[in-house]
Amino acid sequence: MRPEAVTAMLPFLTEHYGNPSGSHAASRHARLALDEAREEVAAALGAQPGEVVFTAGGTEANNLAITGVHACRPGTVVCPAAEHHAVLHTCAALGGRVVPTLSDATIDLDALADALGPDTSVVSVMLANNEVGTVTRLAEVAAVVRQHAPNAILHTDAVQAFAWLDVAALAAPADLVSVSAHKFGGPKGVGALVVRTGTAIAPIIHGGGQERGRRSGTHNVAGIVAMEAAMRATIATRKDTVDRVASLRDRLADGLLAAVPGAVETGPRRSKVASNCHLRFPEVESEALLILLDREGVCASAGSACASGAIEPSHVLVAMGLSAAEANSSLRLSLGTASTNADVDLALQVVPKSVAQLAD
Ligand code: PLP
């Protein structure tokens, strides 16, 4: 977590522990902090305070966006094949329609136009992809949606975007915007959904009627205040951070491409967020590579997930048109605001050595 976020949350775990929905003195400080956080979070997302619904993270924000709007406006939910499972599985649960993506993991706009119609209720398209980092031009998506399904609601999952991109500007064409604090230096388990005024949404969590009935449950004040602090710090330093992290990422990616024979980069680097380094090493099983890297202190992810004992190729890489073998030879090294030259040096030393060991 960003130190600013840790510092911001501590008083709300100690002397200001009151429940903001209470009506006694102990609650008032928490209520004030909650109101201030709502204003800051709204401004950071290009929204009005009343349009912010605090949630327990990105998964809940995505579920609320799609299920909550669909309940008010029954019809077909549409999303691209490379979405996070929080969107894909919610779309599937509502009998929705999945649209193909292009080879860079962004939505195929012609296929989107074909999938839209008068019965479309929600279209959900992510701003930045969580596996390969490619950024969707949301204004183009919105233009297609407004032309072919003028009554549909557009949601964007901006969870992977906020740390690196001006979400307030880029997500402006969307009616609903999801973010999650742990992706930009805040705590895990807290996020927000922007619901623009005039967008009808039904709650998916029922109870005490917090968040103007849109999301019941006692507020996670410490988490919300920390998310606000992380947002503020992110925005204040974003330009410099993006430049620094992109140059670290470039050194890492270029170094690995040069050092490992046959290595291939996944997706065009120019359309990725600064943090994403996604490579493929033919002939190398990523699961085995991850074990070797972990032993040497390199924390990485593969483009595959292990489900019920079987290695499933990543749905994102398959949606981009890669074969199962290509998908299962992937390595994702994500950089963060705290990444250093020394981290890159370590990866440049350990990854080629480990790949060579497995390729022998
Ligand atoms: N959407 C995207 C694009 C993500 O990358 C993630 C998390 O990795 C989520 C949604 C889920 O967010 P959370 O972990 O806050 O539930």
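Here, every reference points to the structure presented above.
The rules behind each value
Residues numbered from 1 in each chain as written. Predicted model: local features only at pLDDT ≥ 70, side-chain atom pairs only at ≥ 80, totals over all residues. Heavy atoms only, no water. Patch = residues over 30% accessible without salt bridge, like charges linked within 9 Å, V, L, I, M, F, W, Y side chains within 5 Å. Areas by Shrake-Rupley, 256 points an atom, 1.4 Å probe, with all protein chains shown as cover. Salt bridge = Lys/Arg side-chain N within 4 Å of Asp/Glu carboxyl O. Buried < 20%, exposed > 50% of the residue type's maximum accessible area, 1.4 Å probe, protein only. Helix = DSSP H or I, 4+ residues; strand = E, 2+ residues; numbered from the N terminus. Expected span 1.5 Å × (residues − 1). Pairing = 2+ DSSP bridges.

Here's the deal with a nonpolar patch on the surface
For step 1, the next point in the chain: There is a patch of nonpolar side chains on the surface, built from Met1, Val6, Leu10 and Leu13 and spanning about 360 Å² of accessible area.
For step 2, the next point in the chain: On the basis of relative accessibility, which here comes to 52%, the residue Met1 falls in the exposed class.

A short note on helix H2 (residues 25–44)
For step 1, the next point in the chain: Here H2 contains 20 residues, and its C-alpha end-to-end distance of 30 Å stays within 8% of the 28 Å for a straight helix at 1.5 Å per residue.
For step 2, the next point in the chain: Phi for Gly46, located one or two positions after H2, is positive at around 70 degrees.

Overview of the pattern of salt bridges
For step 1, the next point in the chain: Within the structure shown, the criterion is met by 14 salt bridges.
For step 2, the next point in the chain: As a salt-bridge pair, Arg38 and Glu211 come within 2.6 Å of each other at their nearest N and O atoms. In this pair, Arg38 is assigned in helix H2 and Glu211 in the loop between strand E7 (191–195) and helix H8 (221–259), connecting sequence segments 173 residues apart.
For step 3, the next point in the chain: Since its relative accessible area comes to 12%, Arg38 is described here as buried.

With respect to the pairing of strand E6 (residues 176–180)
Regular strands have side chains that alternate between both faces of the sheet.
For step 1, the next point in the chain: Across the 5 residues of E6, 5 count as buried, placing the element largely inside the fold.
For step 2, the next point in the chain: Of the two faces of E6, both are covered, the one formed by Leu176, Ser178 and Ser180 as well as the one formed by Val177 and Val179.
For step 3, the next point in the chain: Inspection of the sheet shows strand E5 (residues 153–157) paired to E6 by 3 bridges, in the parallel sense. Along E6, the bridge assignment pairs Thr156 with Val177.
For step 4, the next point in the chain: Two strands pair when backbone bridges link them, and E6 and E7 are joined in this way by 5 bridges, in the antiparallel orientation. Opposite Ser178, over in E7, you have Leu193 as the bridge partner.

Focus on unusual backbone geometry
Comment: phi is negative for the bulk of residues other than glycine, and the bulk of peptide bonds are trans.
For step 1, the next point in the chain: Phi is positive for Ala105, which is not a glycine, with a value near 80 degrees.
For step 2, the next point in the chain: Note on Ala105: relative accessible area 7%, which makes it buried.
For step 3, the next point in the chain: In the Ramachandran plot, Arg212 falls in the positive-phi region, its phi being about 50 degrees despite a non-glycine side chain.
For step 4, the next point in the chain: With respect to the helices and strands, Arg212 occurs in the loop between E7 and H8.

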